[in-house]
Amino acid sequence: MSMVTSGCLPVPYSLQQCNQYCRMHCCLMRQCMPFSLSSDLPAICHASSCDERGQSFTPLLLTAASELHCATQLAKLVNCTQHNSHNNLQRFQTHIAACAGTSQGLAKRVIACLDVRANDAGDLVVTKGDQYDVRDKGTAGNDVRNLGLPVQLAGRYFVEGADEVTFLNITGFRDFPLGDLPMLEVVRQASEGVFVPLTVGGGIREFTDADGKRWSALEVASEYFRSGADKVSIGGDAVFAAEEYRRTGQKTGTSSIEQISWHYGAQALVVSIDPKRVYVADPAQCSHNTVKARQQGPNGEEYCWYQCTVKGGREGRDIDAVQLAQAVEALGAGEILLNSIDADGACSGFDLELIQAVSDAVTIPVIASSGAGSPEHFTQVFNNTKASAALAAGIFHRQEVAISDVKSHMAADGLPTRT
């Protein structure tokens, strides 16, 4: 492994070790950049030119490079923090543009998502649901759809050019997540050969195991980080934390969002939102954020709000997607993974109204998810919303659409794209 030197500390010259290095300096990251790097690179550029803080910003620059997925530029980025001069600031900004592959700004990310769960034989497989139903009705045993093995697929997507890979363990962890050793091993093996950021979600919340020992959400997340994850994603626990924050207006420091963000930095924490449409005839009679729907409701309603759900979409809560996104941002989340129960598996395009409403309401990056069926759908969501990334699963697993085709279509349309 190539190495460069920053101050007295060796800085690894690979994405995996780069992220680990940044986590060791999370205290600096909290103090200097308590929000997403991809949202405010100008602030980083300015701070990196300051005598007293330039050196402290080395981990932040490395994290920025990691978000841009360009390990080959790390040495140059680190060197930009070694001296205080306007020229070095310009050099850093130039290198950021080079990393992104464009002078138009940060490149839009294409993310491959792997829904992982145990099949009926107990093996971990990659599956895909239609509106969250992963059972194949066409099989005699109503089996879990098996679209491949997690580590192999993750490796394939890295080779094919995915900007990130996300594992979502949808087994549900109704027992205890740290007892799920096969999933931890999947993350370990994938991190050895996949050198783009890995996000892992599923069961990251407080648990009490069979022996009566209490495990905090932070301890559960730490196991994933130690196994090689670069980010963790939390879902239902974030909904409950957001509800409490909205009720009291107070940060307690005890929620999973606050704990993980404080110890690992906001850039390491993704909140996954699972909303579904609720149609209303008159927005004035609704206490939630409504949008004009592209498709009318069952009774001709022209408006809807997006109700957040927990327990895999089985339980609705009295909080909408915009309210939830704003609350988790305030609590310390660094990114939103925005799903859509209605669009899931339909392959008819992303829910643009939902994505636009949420991405307009927050300053942290939003990942568009659910509904992708063609390269055009990725270009459409980036052109019509403020989404920073778009995620797909089934169309990649079934090889109906290639990641390279998605990126070629985006580049042809003038979107900043990593190639």
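Right, let's walk through the structure included here. (Residues numbered from 1 in each chain as written. Predicted model: local features only at pLDDT ≥ 70, side-chain atom pairs only at ≥ 80, totals over all residues. Heavy atoms only, no water.)

**Comments concerning the overall build of the protein chain**
Scanning the protein chain for helices and strands turns up 17 helices and 17 strands. The buried share of the protein chain, taken over its 419 residues, is 56%. Per element, the accessible surface of the protein chain, about 17400 Å² overall, is 47% carbon and sulfur. (Helix = DSSP H or I, 4+ residues; strand = E, 2+ residues; numbered from the N terminus. Buried < 20%, exposed > 50% of the residue type's maximum accessible area, 1.4 Å probe, protein only. Areas by Shrake-Rupley, 256 points an atom, 1.4 Å probe, with all protein chains shown as cover.)

**Considerations on the nonpolar core**
The nonpolar side chains of soluble globular proteins are, as a tendency, buried together. F167, Y224, I257, I260, F378 and F396 are the most contacted members of the largest nonpolar core, which has 82 residues in total. The leading source of residues in this core is helix 13 (residues 321-331), at seven residues. Apart from residues lying up to four places away in sequence, F167 is in contact with L114, V116, P150, A154, M183, V186, A190, L198, T199, V200 and G201. Listed in part, the nine residues of the second largest apolar core include I111, L168, L337 and A393. (Core = buried A, V, L, I, M, F, W, Y, C linked by side-chain atoms within 4.5 Å. Contact = heavy atoms within 4.5 Å.)

**Some thoughts on the packing of helix 15 (residues 375-384) against helix 17 (residues 403-412)**
In contact at an axis separation of 8 Å, helix 15 and helix 17 are set at 45 degrees when each is read in the N-to-C sense. It follows that helix 15 is oblique to helix 17 by the angle criterion. Crossing handedness for the pair helix 15 and helix 17: right-handed. Across from P375, E376, F378, T379 and F382 in helix 15, the residues of helix 17 making contact are D405, V406, H409 and M410. (Axes fitted to C-alpha atoms, helices over the stretch in contact; angles between N-to-C directions. Parallel < 35°, antiparallel > 145°, perpendicular 65-115°, else oblique. Left-handed = near helix turned anticlockwise from the far one by under 90°.)

**Overview of the pattern of salt bridges**
Where charged atoms of side chains with opposite charge meet at close range, the side chains can pair. Under the definition given, this model contains 18 salt bridges. The residue R317 makes a salt bridge to E243 at a minimum N-O spacing of 2.9 Å. Linking R317 in strand 14 (residues 315-320) with E243 in helix 11 (residues 236-248), this pair joins segments that are 74 residues apart in sequence. Where E315 meets K311, a salt bridge forms, and the shortest distance between an N and an O atom there is 3.1 Å. (Salt bridge = Lys/Arg side-chain N within 4 Å of Asp/Glu carboxyl O.)

**Some words on the side chain of D163**
With respect to the element layout, D163 can be found in the loop between helix 8 (150-160) and strand 5 (164-169). Residue D163 is classed as buried on the basis of its relative accessible area of 3%. A polar side-chain atom of D163 sits 2.8 Å from the main-chain amide nitrogen of V110. A distance of 2.9 Å separates a polar atom in the side chain of D163 from a polar atom in the side chain of K407. (Polar contact = N/O pair within 3.5 Å; in protein donor to acceptor, adjacent residues only side chain to side chain.)

**Observations regarding the packing of aromatic side chains**
Using the criterion set out here, one finds five aromatic pairs in the structure. With a centroid separation of 5.6 Å and 85 degrees between ring planes, the pair formed by F350 and F378 is classed as edge-to-face. Highlighted residues: F350 in the loop between strand 15 (335-338) and helix 14 (352-361) and F378 in helix 15, separated in sequence by 28 residues. Grouping residues by exposure puts F350 and F378 together as buried. Seen in terms of ring centroids, F378 and F396 are 6.2 Å apart; in terms of plane orientation they differ by 20 degrees. Their pairing is stacked. Placement of the pair is F378 in helix 15 and F396 in helix 16 (residues 394-397), with a sequence separation of 18 residues. By the burial criterion, F378 is buried, and F396 matches it. Through a chain of ring-to-ring contacts, three or more aromatic side chains come together here, namely Y157, F350, F378 and F396. In this structure, K213 is placed above the aromatic ring of W215, and the distance from its NZ or CZ to the ring centre is 4.2 Å. (Phe/Tyr/Trp six-rings, centres within 6.5 Å; stacked < 30°, edge-to-face > 60°. Lys NZ or Arg CZ within 6 Å of the ring centre and 35° of its normal.)

**Observations regarding unusual backbone geometry**
For K311, which is not a glycine, the phi torsion comes out positive at approximately 55 degrees. As for its placement among the helices and strands, K311 is situated in the loop between strand 13 (303-310) and strand 14.

**Describing the side chain of K231**
Tracing the backbone shows K231 in strand 9 (residues 231-234). In this structure K231 comes out as buried when scored by relative accessible area, which is 7%. Within the local environment of K231, its side chain forms a polar contact with the side chain of E164, the two groups lying 3.2 Å apart. A polar atom in the side chain of K231 sits 2.9 Å from the side chain of E335. Apart from residues no more than four positions distant in its own chain, K231 is found in contact with R109, E164, L198, T199, V200, F225, Q267, A268, V270 and E335.

**Side note on helix 13**
Because the α-helix completes a turn every 3.6 residues, residues three or four places apart line up on one side. Within helix 13, eight of the 11 residues are buried, leaving the element largely enclosed by the surrounding structure. Where helix 13 begins, the capping side chain belongs to D320, and its oxygen is found 3.0 Å from the backbone nitrogen of V322. One or two positions beyond helix 13, positive phi appears at G332, with a value near 125 degrees.

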